[in-house]
Amino acid sequence: MQPTDGAPLLLGYFTLTNKILTVPRNAISKSVEKRLARFGPLDNDSNSYSVPMPLIAQLGKNYADGLNAKIDGGDLMSVALKKISAIQYDLSGKYTYIECVDTPKLIEFYERNDFRRIDSGTPETIYDTTNPYLVQMLKYFSSRGEWVGRIDNC
Ligand SMILES: CC(C)(COP(=O)(O)OP(=O)(O)OC[C@H]1O[C@@H](n2cnc3c(N)ncnc32)[C@H](O)[C@@H]1OP(=O)(O)O)[C@@H](O)C(=O)NCCC(=O)NCCS
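Residues numbered from 1 in each chain as written. Predicted model: local features only at pLDDT ≥ 70, side-chain atom pairs only at ≥ 80, totals over all residues.

## Observations concerning the environment of K83
Here is step 1 of the chain: For K83, the position within the fold is in helix α2 (residues 73-91).
Here is step 2 of the chain: For K83, a count of 14 C-beta atoms within 10 Å corresponds to the partly exposed category.
Here is step 3 of the chain: In sequence terms K83 and L16 are 67 residues apart; their C-alpha atoms lie 9.3 Å from each other. (Helix = DSSP H or I, 4+ residues; strand = E, 2+ residues; numbered from the N terminus. Buried ≥ 20, exposed ≤ 12 C-beta atoms within 10 Å, placed from the backbone.)

Spelled out as structure tokens, the structure:
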């Protein structure tokens, strides 16, 4: 955003990285499994898919000087999703994911943006109270150039 003096304002930020997401078969529906299997192999020992995809590693509004009031989180997310969509247009892929602490407000935010929760944390992580369990949420890009998808939960 440009203020009156012309200097740009930093309203928010996001960072992306490519990671391999491990998805246990028992954490997803059959139709999601069918789609996911196109992008990564099944490991028979762990009964999990290993799928490389972009992780939205950070996403946040800038709370300095009240700048957070000038942008909606959904708009910031749209910028990140457009970027991912463009990357996947060149490199292939239909999924992205996030990891966040299990807080209702954050889960609701990601659900509003069509991310769906998968429970793929290991039991050790889930029950270690000194290390809060990170929820993983997956988003399916339903077609090229379109980043809102709602098929079978994700
Ligand atoms: C996540 C975010 C982009 C959503 O933006 P938004 O849709 O415009 O929503 P808001 O900023 O109005 O926040 C909605 C609610 O979530 C709460 N919230 C935001 N981040 C939170 C967090 N990390 N933990 C707990 N609650 C959080 C807000 O306090 C607000 O609560 P309220 O409804 O009681 O006022 C923005 O809240 C943000 O930048 N949060 C801090 C960074 C962050 O937590 N990023 C996600 C990391 S996984």
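The rest of the description comes next.
## Quick look at the nonpolar core
Here is step 1 of the chain: One finds V51, A80, Y97 and M137 to be the most contacted residues of the largest nonpolar core, which totals 25 residues.
Here is step 2 of the chain: Among the elements of the structure, β1 (12-24), α1 (30-36), β3 (48-61), α2, β4 (95-101) and β6 (134-140) are those that each provide at least two residues to this core.
Here is step 3 of the chain: Among all residues touching A80, those that are not within four sequence positions of it are F14, I56 and L59. (Core = buried A, V, L, I, M, F, W, Y, C linked by C-beta atoms within 7 Å. Contact = placed C-beta atoms within 7 Å.)

## Looking at the site of the ligand
Here is step 1 of the chain: Close to the ligand lie L59, G60, K61, D72, G73, G74, L76, C100, T103, K105, L106 and F109, which account for all nearby residues.
Here is step 2 of the chain: Listing elements by their share of the shell around the ligand, those giving two or more residues are β3, α2 and α3 (104-112).
Here is step 3 of the chain: Grouping the amino acids of the shell around the ligand by side-chain chemistry returns five nonpolar, four polar and three charged. (Near = placed C-beta within 6 Å. Nonpolar A, V, L, I, M, F, W, Y, C, P; charged D, E, K, R; others polar.)

## Regarding α2
Here is step 1 of the chain: Across its 19 residues, α2 extends 27 Å between first and last C-alpha, which sits within 8% of the 27 Å expected from 1.5 Å per residue.
Here is step 2 of the chain: For α2, every residue scored as buried is listed here: L76, M77, A80, L81 and I84. Projected down its long axis, α2 carries its buried residues within an arc of 130 degrees, all on one side. Seen from the buried face of α2, the exposed residues on the opposite side, beyond 90 degrees, are D75, K82, A86, Y89 and D90.
Here is step 3 of the chain: Looking at the packing, one finds that the buried side of α2 touches β1, β3 and β4.
Here is step 4 of the chain: A positive backbone phi angle near 80 degrees is found at S92, which sits one or two residues after α2. (Expected span 1.5 Å × (residues − 1). Arc of directions from axis to C-beta.)

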